[in-house]
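Letter by letter, the chains look like this.
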Amino acid sequence: MTEKKEKEKKDKPEAAGPVIATIGRRKEAVARIFLREGEGKIIVNKRSFEDYFPRESHRLIINQVLEKADLVNKLDISARVDGGGTSGQAYAVRHGIARAIVKMHEDLRQAVKKAGFLTRDPRAKERKKYGRKRARKRFQYSKR
């Protein structure tokens, strides 16, 4: 095998069971989540969880679902995140993990839904209107 193929094979976690694939969204961010039983490894865009989300608040947002479902260090999570900013991406990952947990353990649906993790936050950036600087901001008024 070539070095590249060996490296790719090394990066992929060993299959410990069926993989659950879901999608989470928030603002412009989209997260594809691949979840399986494991020892608690979280990989985001082929980087470690702590490396991709350096802010503690973003890591707490993502871990909320795992703590609520009492699945901390029991699942291996791989996420591919695209679009938006870091906060939107963190919420998108949380939404995707919540959907995957419900797919895996249907009995946890009520607890996860009650905490509000299954609801996609519909707030998004409003579009710019013509004759305006932004969506609602006007150009500066000139008396003369």
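Scroll up for the structure.
Since the model is a prediction, treat every value here as computed from it, not as a measurement.

**Regarding the overall build of the chain**
Summing up its helical and strand segments, the chain has five helices and five strands in all. In the chain, the succession of α and β elements from N to C terminus is α-β-β-β-β-α-α-β-α-α. Evaluated residue by residue, the chain yields a buried proportion of 32% over its 144 residues. For the chain, the share of sequence-separated contacts (at least 6 apart) that also reach a separation of at least 24 residues comes to 66%.

**Digging into the sheet that holds strand 3 (residues 42–44)**
Read across the open sheet, the five strands follow the order 1-2-5-3-4; overall the sheet is mixed. Only two strands of the sheet have a single neighbouring strand rather than two, namely strand 1 (20–26) and strand 4 (47–48). Pairing between strand 1 and strand 2 (residues 29–37): seven bridges, direction antiparallel. Following the sheet pairing, G24 is matched in strand 2 by A31.

**A closer look at the environment of G85**
Among the secondary structure elements, G85 is positioned in the loop between strand 5 (75–82) and helix 4 (86–104). Taking the relative accessible area as the measure of exposure, G85 reaches 41% and is therefore partly exposed. In sequence terms G85 and K27 are 58 residues apart; their C-alpha atoms lie 8.9 Å from each other.

**A look at the pattern of salt bridges**
Tallied over the entire structure, the rule returns seven salt bridges. Note that R47 is salt-bridged to D51, the shortest N-O span being 3.2 Å. Residue class for R47 comes out partly exposed when judged on its relative accessible area of 37%. What you see here is one network of salt bridges that share partners, running through R26, D121 and R123.

**Quick notes on the packing of aromatic side chains**
Tallied over the full model, the rule gives two aromatic pairs. With a centroid separation of 6.3 Å and an interplanar angle of 70 degrees, the aromatic rings of F49 and F53 are classed as edge-to-face. The pair formed by F49 and F53 is uniform in burial state, with each residue classed as buried. Ring geometry for Y52 and F53: centres 5.1 Å apart, planes at 85 degrees, overall edge-to-face. Residue classification places F53 among the buried positions, given a relative accessible area of 0%. In this structure an aromatic cluster arises from ring pairing among F49, Y52 and F53.

**Observations concerning the pairing of strand 2**
Linking two consecutive strands that pair antiparallel, namely strand 1 and strand 2, is a turn of two residues; a positive phi of about 50 degrees is found at K27 within it. Across eight bridges, strand 2 lies against strand 5 in antiparallel orientation. Counterpart to I33 in the pairing with strand 5 is A79.

Cut-offs applied
- Residues numbered from 1 in each chain as written.
- Predicted model: local features only at pLDDT ≥ 70, side-chain atom pairs only at ≥ 80, totals over all residues.
- Heavy atoms only, no water.
- Helix = DSSP H or I, 4+ residues; strand = E, 2+ residues; numbered from the N terminus.
- Buried < 20%, exposed > 50% of the residue type's maximum accessible area, 1.4 Å probe, protein only.
- Contact = heavy atoms within 4.5 Å.
- Pairing = 2+ DSSP bridges.
- Salt bridge = Lys/Arg side-chain N within 4 Å of Asp/Glu carboxyl O.
- Phe/Tyr/Trp six-rings, centres within 6.5 Å; stacked < 30°, edge-to-face > 60°.

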